[in-house]
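# Tertiary structure, described
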There are 2 protein chains.
Amino acid sequence: MATIKDVARIAGVSVASVSRVINNGPKVSKKTIENVNKVMADLGYTPNANARALVTQKSTTVGVVIPDLTDPFFASLAHGVEQVARQQNMQLLLSTGLVTAESEQQAINLLIERRCDVMVIHSKKLSDDALIALTNKVSGLVLIDRYIEQVAHRCVWLDNLEGGKIAARHLLTLKHQTFACISSKYQIDDPSLRLQGFQSELNAAGFNLDQQLVEYGEPNLQGGEITTQKLLASGKKFSALFVYNDAMAIGAISTLEDNGYRVPTDISVIGFDDVLLSRYSRPKLTTLNYPIEEMAIQAANLALDLANKNDKNNNTKDFKYIPTLTKRESTSINDQ
Amino acid sequence: MATIKDVARIAGVSVASVSRVINNGPKVSKKTIENVNKVMADLGYTPNANARALVTQKSTTVGVVIPDLTDPFFASLAHGVEQVARQQNMQLLLSTGLVTAESEQQAINLLIERRCDVMVIHSKKLSDDALIALTNKVSGLVLIDRYIEQVAHRCVWLDNLEGGKIAARHLLTLKHQTFACISSKYQIDDPSLRLQGFQSELNAAGFNLDQQLVEYGEPNLQGGEITTQKLLASGKKFSALFVYNDAMAIGAISTLEDNGYRVPTDISVIGFDDVLLSRYSRPKLTTLNYPIEEMAIQAANLALDLANKNDKNNNTKDFKYIPTLTKRESTSINDQ
DNA sequence: TTGAAAGCGTTACCAA
DNA sequence: TTGGTAACGCTTTCAA
């Protein structure tokens, strides 16, 4: 592959001049520009980004660490980051497939090796301390979907507790009085906070959440089906069901209808996340919108600022998002 | 950030020795290894991948070019490539957001700038010639979902024509006699081949596809709804509907049921792709499985071999995949 | 407006 | 088993 030297030699100029025309540098004669451009085209010359990164000490690459690309939620996150990357003429360096603290750490290390100056990290397994340490090493590192007090100004996160409350309020407004809940068996923060918020708001309104009507399962379609079967098997009645995420909610609806319950006529179901899926279900899912793409854009911009030390405002506050209710068809008033 | 020189100086050895321990090079004394490792740990030293790439002339990076990350189909493709990348300790460099031939070209150029030696490209807009030219420049470049005769041995693709035929055969087996079809308005190869295969198999069995029962729309949920409305508005009867992809098929089912038709009792619907969505719909979608992840893995491995000149078998044949029928609940026998 | 040359952080060859 | 050093392809300063 042709190098800048080849171009210089053939064009009969110095590499410095070639470099100048590549970078639209100042003070180059029109003639040189044209000449060099022609030679570059002839040779099919493409500058070597690695060499460039080495000398300029910047990577024009933004790193993203997420657990799984095939989960639409994370795909949206990556998509958000990608948009700001493209704006900046930067590229996405992606690390996925993370299950343990070690693999998360490893993924981040790879980004550091590439001297990625801007990174958006979704980490649930790494300890606060490990993350804080990383934060000191990489100035453009931003945490998404996680809140750590000591590095609050680098956290872009969603208030899951409030999300649970909003769901409860919606159901309460619809005059429901008996509630069930499906949560995730994986006890990271999110599910327990959502459940906690839901429950506390119910209590505040003078209602109770029967612990026998709380089930935990895999956070996917099948998990929703299985937990709903258990709920039904308990024999207890409920008219409103709050589900950890949309995939489970769709599974729940499916099982409910298979068992002769109409949604929302007999039972109202509310999900969480508002992924694409929720618009594809029948009935269309009422759910809490998790503005993950918007948050990812925010996170990427923040990382960019941090990397460029544009921390003008020297921000110390975090970036908290509140989910919003998206009313569709799976909840309705309880008129029994 | 600490460099190899810092490590060498502090450890009291030469950079050559440090380099050897980093790369598990031969002939290093145990003592040196331990000493150097300790210093590296103390300094939090991380090798610079850019410098490495420059001198070794290889990038340990695999490039992926896809139109859109949020489309589950492409997410699966990226996921497949990612799996083989990880196996090789390589990382994904991702380019998305492609709409025109120019932006596709641009995306590929960025990968070349990074001296990405292994790349899997999903390109629908670039001309055959442009792609062939690229192929000469990058030895590890593989095309996915596209077939170009001159570079057949670098193509991993699906036989869409056969897919259409399989759909037709399935419906024929179920004794259907009147057919409708929803296609994509974007006239790249895939939709027209699917339609063509469908039609030709119908004809072979002595049936006809009424052109008034063929509609074209946006390849998403809404497109499926709109085209189905048009189909219904034509007043013509049909008992079987072949739809371009799963998203449209789900839209179609929704509109059909809203208009009082039961699926599959009154009308059988068959989709294409077998994305996650198809398992989430009610009734669950009968569709043609597009083994995109498997194909992506194949493509990535092929690209790897090509890049390493492991073209041992000096393959000249292409990699053609045939979709397979996934029977679920949206098709049934026509007993009228 | 142009060119020479130093230097970015590594690896790998050649000597010692 | 170790160290010195050229080289990778580029940008950037300094002089001319």
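Residues numbered from 1 in each chain as written. Chains lettered and ligands numbered in written order. Predicted model: local features only at pLDDT ≥ 70, side-chain atom pairs only at ≥ 80, totals over all residues. Heavy atoms only, no water.

On to the sheet that holds strand β8 (residues 240–243) of chain A, then. All names here are of chain A. As summarised here, the arrangement of the six strands in space is β7-β6-β8-β9-β10-β12, forming an open sheet in which the pairing is mixed. For this open sheet the edge positions go to β7 (214–217) and β12 (324–326), each flanked by a neighbour on one side alone. Ignoring strand direction, the axes of neighbouring strands in this sheet form an average angle of 20°. In this fold helix α9 (residues 189–204) packs onto β6 (179–184), β7, β8 and β9 (268–273), with an angle of close to 165° to the strand it touches most, β6. (Pairing = 2+ DSSP bridges. Helix = DSSP H or I, 4+ residues; strand = E, 2+ residues; numbered from the N terminus. Axes fitted to C-alpha atoms, helices over the stretch in contact; angles between N-to-C directions. Contact = heavy atoms within 4.5 Å.)

Moving on: the domain arrangement of chain A. Residues and elements named next belong to chain A. Parsing chain A into structural domains produces domain 1 (4–47), domain 2 (61–159 + 292–322) and domain 3 (160–290). With centres defined by C-alpha atoms, the gap from domain 2 to domain 3 works out at 30 Å. Both faces considered, domain 2 and domain 3 share a buried interface measuring about 890 Å² in area, 64% of it formed by carbon and sulfur atoms. A per-residue breakdown of the area domain 2 buries against domain 3 is headed by F73, L158 and D159, which together make up 55% of the total. Linking domain 2 with domain 3 are one salt bridge, by the criterion used here. Salt-bridge contacts for D190 lead to K124; the nearest nitrogen and oxygen are separated by 3.1 Å. For the pair domain 2 and domain 3, the interface holds seven residue pairs in polar contact (both at pLDDT 80 or more). (Domains from an automatic or database assignment. Buried area = accessible area lost by both parts, 1.4 Å probe. Salt bridge = Lys/Arg side-chain N within 4 Å of Asp/Glu carboxyl O. Polar contact = N/O pair within 3.5 Å; in protein donor to acceptor, adjacent residues only side chain to side chain.)

The sites that UniProt annotates as "domain: HTH lacI-type" (unreviewed entry) are residues 1–71 of chain A. With 54% helix and 7% strand, residues 1–71 of chain A has its two end C-alpha atoms placed 39 Å apart. (UniProt positions renumbered as here; feature names shortened; annotations may be inferred.)

With that settled, consider the protein's contact with DNA strand C. Every one of the 27 residues lining DNA strand C counts as a neighbour, but R20, K27 and T32 of chain A together with I4 and Y45 of chain B are closest to it. Close to the protein, within 4 Å, the atoms of DNA strand C are drawn from sugar and phosphate at a rate of 63%. One of the backbone nitrogen or oxygen atoms of S14 of chain A is found 2.9 Å away from a phosphate oxygen of DNA strand C. Within the contact set of DNA strand C, a phosphate oxygen lies 3.0 Å away from a backbone nitrogen or oxygen of N48 of chain B. Of all the elements in the fold, those that place two or more residues in the surface near DNA strand C are α2 (15–22) and α4 (49–56) of chain A together with α1 (4–11), α2 (15–22) and α4 (49–56) of chain B. (Near = heavy atom within 4 Å.)

Turning our eyes to something else, we now look at α4 of chain B. Residue and element names in this part refer to chain B. Turning to α4, its buried residues number three or more, namely A49, N50 and A53. One side of α4 holds all its buried residues, which, seen down the axis, span an arc of 100°. Among the residues of α4, the N-terminal cap falls to N48, whose side-chain oxygen and the backbone nitrogen of N50 are separated by 2.8 Å. At the C-terminal side of α4, Q57 shows a positive phi close to 65°. (Buried < 20%, exposed > 50% of the residue type's maximum accessible area, 1.4 Å probe, protein only. Arc of directions from axis to C-beta.)

Contacts between chain A and chain B engage 55 residues on the former and 55 residues on the latter. At the boundary of chain A and chain B, one finds four salt bridges. Where chain A touches chain B, the interface holds 30 residue pairs in polar contact (both at pLDDT 80 or more). Mapped onto the side of chain A that touches chain B, the elements with two or more residues apiece are α4, α5 (72–87), β2 (91–95), α6 (101–113), α10 (221–233), α11 (246–258) and α12 (277–280) of chain A. When residues in the side of chain A that touches chain B are grouped by element, the largest group, seven residues, is from α6 of chain A. Residue composition of the side of chain A that touches chain B, by class: 22 nonpolar, 19 polar and 14 charged. In this structure, β2 of chain A lies alongside strand β2 (residues 91–95) of chain B, joined through three bridges in antiparallel fashion. The residue of β2 of chain B that forms the bridge with L92 of chain A is L94 of chain B. (Nonpolar A, V, L, I, M, F, W, Y, C, P; charged D, E, K, R; others polar.)

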